[in-house]
Amino acid sequence: QAQLVQSGGGSVQAGGSLRLSCELFGYTSESNCMGWFRQVPGKEREGVARIYTDHGSTYYDDSVNGRFTISQDDAKKTVYLQMNSLKPDDTGMYYCAADLPDKLSGDIYGGCSFGYWGQGTQVTVSS
């Protein structure tokens, strides 16, 4: 079974940077998409960024555009989220997700259907 394992996160002051990592295990084929989401208590989970695995096209939520960068390694089994110029509003639980072709349905985000999820990691930005 495919599994996503996250690392990174933590606490940082406003204006600082953090880098999140997410590795896909147990799946030998290529994903359709990889993405990052975040959630805070009382609010819906929102898509932060996504990358189309084959051609590497990236898309960002307006709230992070210009500050965050999503990328993948050459094996296309690890996805990263580089977060710069962090704001207190960026605080939340961050989840990576994968759109794998063996899953019929998932959480729709753009042209991707995310059916596999990482365990989440907390990001806290203080003012």
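Being a predicted model, the structure only gives us computed values, none of them experimental.

*Asks:* Go over the overall build of the protein with me, naming the residues and quoting the values.
*Replies:* A tally of helices and strands in the protein yields 0 helices and 13 strands. Helices (α) and strands (β) of the protein occur, in sequence order from the N terminus, as β-β-β-β-β-β-β-β-β-β-β-β-β. Whereas a compact globule of 127 residues would reach a radius of gyration of roughly 14 Å, the protein reaches 14 Å, a difference of no more than 12%. Burial analysis of the protein (127 residues in total) assigns 44% to the buried set. Considering only intrachain contacts with a sequence separation of at least 6, the fraction spanning at least 24 residues in the protein is 57%.

*Asks:* Quick one: what's the story with the nonpolar core, residue by residue and with numbers?
*Replies:* Core analysis: the largest hydrophobic core is formed by 27 residues, its most contacted members being L4, W36, V48, F68, L81, M83 and Y94. Ranked by residues supplied to this core, first place goes to strand β3 (residues 18-25) with 4 residues. Once you skip the residues sitting within four places of it in the chain, Y94 turns out to touch Q6, L20, F37, R38, V48, F68, L81, M83, G120, T121 and V123. Listed in part, the 7 residues of the second largest apolar core include F37, Y52, A97 and F114.

Conventions adopted
Residues numbered from 1 in each chain as written. Predicted model: local features only at pLDDT ≥ 70, side-chain atom pairs only at ≥ 80, totals over all residues. Heavy atoms only, no water. Helix = DSSP H or I, 4+ residues; strand = E, 2+ residues; numbered from the N terminus. Rg over C-alpha atoms; globule rule 2.2 N^0.38 Å. Buried < 20%, exposed > 50% of the residue type's maximum accessible area, 1.4 Å probe, protein only. Contact = heavy atoms within 4.5 Å. Core = buried A, V, L, I, M, F, W, Y, C linked by side-chain atoms within 4.5 Å.

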